[in-house]
Amino acid sequence: MFDKFTISCKIEMLIQKSTPEGDNMDDIKDIIEEIKSRCDIASIISEYMNIKQSGNNYKGLCPFHGEKTPSFYISTSKQMYKCFGCGEGGDVIRFVMKMENLEFMDAVKILANKCGLEINTNMSKEAKIKLENIKKFQDIHVEAARFYFSNLVGSKNQGYEYLMKRGLDDKTIRKFGLGFSLDSWQSLSDYLVKKGYSKLDLFNCGLVNQNDSKTHFYDKFRNRVMFPIFDYRGNVIGFGGRVLDDSLPKYLNSPETIIFNKRQNLYGLNFARKNLKDRNVVLVEGYMDLISLYQYGIKNVVATLGTALTQEQGKLLKRYVDTVIISYDSDEAGINATLRAIDVLTNLNINVKVLDLKECKDPDEFVRNYGLNKYNEAIENSIHYVKFKINCLKREFNFEKDEHKIKFVKESSKIIKKLKSPVEVDYYTKYLSNQTDIGVDSIKREVYGKDYNKSYTNKYKASKEEKVIEKPKAITNGTTFIEKTLLKAIMYDKKIREVVLLRVDESDFLIRENKEILNYIIKNKELDKITIDKIKCLNIPEEYLQSFENISLDSINLGNIKQIDEIVKNVKKNKIQHEIDKLLEELQEMESKQHNNDMKEVDFENMEIAKIRISQEILDRQKKVNSL
Ligand SMILES: [Zn+2]
């Protein structure tokens, strides 16, 4: 029923990951075993949901997937649970982790508490002191938050007025524990000293500053609206304070302390992790954006608080979500921050989308102007990060200039190149092609580089239907087929021949044999019908003519001039595309030479010039294709 080995391996891994420094590993393992033996799984689970006895075991409605008949079983002898509906299963610690969305050690601590175990026995002295300080600093922060909150709601003040003006209601203010720091140098420290804390402690946890000559301390936050910063468990670990006017700095944050590590914390995650929708989260920049969205009903939202998103924050998010929807400010700084966040998140294999705020400067303004439904719509319509990056890039180029267009496609191809899914590559290649009028195939070559040839020809090898003689590597069956079809049509139908010969010549054909056949047709265009037998006089292998004979014109309506016109276009397109492919190959060769060799600067420069010339030729051909 349970794979015990996997479960114990997982536990080992988790212990190694989340054990605080200095803990004695064996002790922790003993404690975990002790917890599991003391906490009866059925009674712990019954605290979270209704269960019914069934023989020696219990069953109930699975809390991890929606169901109407119970498929969630608890085995008391094995002390394990298992849902036969969704497959979720494990021991009591896993259950608490899943239910509370907690890390392993946090679930262990909760369970230790429930069964009366002290978790921090036998720790090293340093670890103990550190833990004691963490506990003390957290207590100080809770007291400080209470103090700020009572300032805000206790009597009339500018802070409260400010928050009202920003559209927050009392419920939201309470939910986020917002507060106000008085315009005074020591009201907070006086309050906390009375509670029994030393000024040095207050200094060490970042709530007071020391003057330059280090003779006395003073409150760090004065005359500011206070935002308590929570860790993902909901502990207050720092504060952000916002000025009430336009003075600077607009926001003042707590410094790094043993409980507050900016790089590893995300504002609002304590709420968001309980309100996730399909493992999606909205990422915003500021306190007000987050709180405002929350008040309007967007609860799966976290904020970076003015600093660039860090890798640690990305990893933290990855525990809870698969997709991040970035909703930063719409100004230049916001766009740049979005681009950086995209890089951090995609490197962690998180799906990233970007939300468009239209003309609004930030999510706060958007949701207040347009409301919840419109913001949800914007979430729904948020665009894939590749599209966002391409759109950003586009602003830097002037499409009137061909070099710009080429450069743009090259840069965009680099973005597309990073995608792992061929379907996505296909989709964004087409998007780029639409934006620039440059062919999908050329862009794909740019994206795949040398590898494209392989996948390109392999693809056609697989669908090979007929033998082609002396087939150059990039010529596809599609090309030979369409050329032969056109030739056969003009051999058999004199009227069509007259029309088509006005539009094509030898240079529109790619395959040598077809060029010869065309020339023969031109010479004998007065004949009513030109049969295969007649062209046997040409120096063309029997096999090739045989394949010619096999081509059927049944599916073509020879009376429909539009259909014939399409075939002519396709023949021309194929030829030009082939030339473009050749030129692209040349370009790639040059580039790899430039990358690999210690080239003289002058050669490098010459090659750059040659590359521009070739790019120009590609573009000219591309224009030709588009004008067909
Ligand atoms: Zn289930």
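For the structure itself, look to the data block above.
Not measured: the values here are computed from a predicted model.

What counts and how
- Residues numbered from 1 in each chain as written.
- Predicted model: local features only at pLDDT ≥ 70, side-chain atom pairs only at ≥ 80, totals over all residues.
- Heavy atoms only, no water.
- Core = buried A, V, L, I, M, F, W, Y, C linked by side-chain atoms within 4.5 Å.
- Buried < 20%, exposed > 50% of the residue type's maximum accessible area, 1.4 Å probe, protein only.
- Helix = DSSP H or I, 4+ residues; strand = E, 2+ residues; numbered from the N terminus.
- Domains from an automatic or database assignment.
- Pairing = 2+ DSSP bridges.
- Axes fitted to C-alpha atoms, helices over the stretch in contact; angles between N-to-C directions.
- Contact = heavy atoms within 4.5 Å.
- Donors = N, O, S within 2.8 Å, 3.2 Å for Na, K, Ca; no water.
- Tetrahedral: all angles 85-135°; square planar, octahedral: opposite > 155°, others 65-115°.
- Phe/Tyr/Trp six-rings, centres within 6.5 Å; stacked < 30°, edge-to-face > 60°.
- Lys NZ or Arg CZ within 6 Å of the ring centre and 35° of its normal.
- Parallel < 35°, antiparallel > 145°, perpendicular 65-115°, else oblique.
- Left-handed = near helix turned anticlockwise from the far one by under 90°.
- Nonpolar A, V, L, I, M, F, W, Y, C, P; charged D, E, K, R; others polar.

### Let's talk about the nonpolar core
The biggest cluster of nonpolar side chains holds 57 residues, and the ones touching the most others in it are Tyr 148, Leu 178, Leu 207, Phe 239, Tyr 267 and Tyr 375. With seven residues, the single largest contributor to this core is helix α6 (residues 125-154). The residues that make up this core include at least three from each of domain 2 (125-260) and domain 3 (264-389). Within the second largest apolar cluster, 46 residues are counted, among which are Tyr 320, Ile 326, Tyr 431 and Leu 432.

### Quick notes on unusual backbone geometry
Excluding glycine, residues mostly carry a negative phi; peptide bonds, for their part, are mostly trans. Cis geometry is found at the peptide bond from Leu 248 to Pro 249, where omega equals -5 degrees. Despite not being glycine, Asn 101 shows a phi value in the positive range, around 55 degrees. Positive phi, normally seen in glycine, also occurs at Asn 223, with a value near 55 degrees. Tracing the backbone shows Asn 223 in the loop between β8 (217-219) and β9 (224-230).

### Concerning the sheet that holds strand β14 (residues 323-326)
Sheet architecture is open: five strands sit in the order β13-β12-β14-β15-β16, paired in mixed fashion. In the strand order of this sheet, the two ends are held by β13 (301-303) and β16 (383-384), each with one partner. Bridging between strand β12 (residues 280-284) and β13 involves three bridges; their strand directions are parallel. Of the residues in β13, the one forming a bridge with Val 282 is Val 301.

### A short note on the pairing of strand β10 (residues 236-243)
Burial analysis of β10 places eight of its eight residues in the buried class, which makes it a mostly covered element. With seven bridges joining them, β9 and β10 adopt antiparallel strand pairing. Pairing of Met 226 across the sheet is with Gly 241, part of β10. Adjacent in sequence and paired antiparallel, β9 and β10 are bridged by five residues, among which Gly 234 carries a positive phi angle near 105 degrees. Pairing of β10 with strand β11 (residues 251-253) involves three bridges; the strand directions are antiparallel. From the neighbouring strand, Gly 241 faces β11, where its bridge partner is Leu 252.

### What about the sheet that holds β9?
Strands belonging to one sheet form pairs held by backbone hydrogen bonds; the direction of such a pair is parallel or antiparallel. If you walk across this open sheet you meet the four strands as β6-β9-β10-β11, and the pairing is antiparallel. Two strands in the sheet have a free side with no partner beyond their single neighbour: β6 (179-181) and β11. Across the sheet, the mean angle separating the axes of adjacent strands is 35 degrees when strand polarity is ignored. Seen against the sheet, helix α12 (residues 287-296) touches β9, β10 and β11 and runs at an angle of roughly 75 degrees to β9.

### A look at the coordination of the zinc ion
Protein ligation of the zinc ion involves Cys 62 (SG), His 65 (ND1), Cys 83 (SG) and Cys 86 (SG), the donor distances falling in the range 2.1 to 2.3 Å. Each of the four donor atoms bound to the zinc ion contributes to angles spanning 101 to 119 degrees, and the resulting shape is tetrahedral. Written as a sequence motif, the donor residues of the zinc ion are C-x2-H-x17-C-x2-C. Of this pair, His 65 sits in the loop between β2 (57-60) and β3 (72-75) while Cys 83 sits in strand β4 (residues 80-83), placing them 18 residues apart in sequence. Assessed through its relative accessible area of 1%, Cys 83 is described here as buried.

### Points about the packing of aromatic side chains
Evaluated as defined, the whole model comprises 30 aromatic pairs. Between Phe 64 and Phe 95 the ring centres are 5.9 Å apart and the planes differ by 70 degrees, which places this aromatic pair in the edge-to-face class. Highlighted residues: Phe 64 in the loop between β2 and β3 and Phe 95 in helix α4 (residues 92-100), separated in sequence by 31 residues. Its relative accessible area of 25% is what places Phe 64 among the partly exposed residues. Its relative accessible area of 0% is what places Phe 95 among the buried residues. Aromatic side chains Tyr 267 and Tyr 287 sit 5.0 Å apart centroid to centroid with 75 degrees between the ring planes, which places their arrangement in the edge-to-face category. Separated by 20 residues along the polypeptide, Tyr 267 in the loop between β11 and α11 (269-272) and Tyr 287 in helix α12 bring together distant segments of the chain. With respect to class, Tyr 267 is no different from Tyr 287; both count as buried. Grouping aromatic residues by their ring pairs yields a cluster made of Phe 176, Phe 227, Phe 230, Tyr 251, Tyr 267, Phe 271, Tyr 287 and Tyr 294. Cation over ring: Lys 98 sits above Phe 64, and NZ or CZ is 5.9 Å from the ring centre. Above the ring of Phe 221, the side-chain terminus of Lys 220 is found at 5.9 Å from the ring centroid.

### Here we look at the packing of helix α17 (residues 402-417) against helix α19 (residues 440-448)
Remark: α17 packs on α19, axes separated minimally by 8 Å, with the N-to-C direction vectors making an angle of 60 degrees. Comparing their axes, α19 and α17 come out oblique. The handedness of the crossing between α17 and α19 comes out as right-handed. Every residue of α19 that contacts α17 at Val 409, Lys 410, Ser 413, Ile 416 and Lys 417 is listed here: Ile 443, Glu 446 and Val 447. Looking at the contact of α17 with α19, its residues break down into four nonpolar, one polar and three charged.

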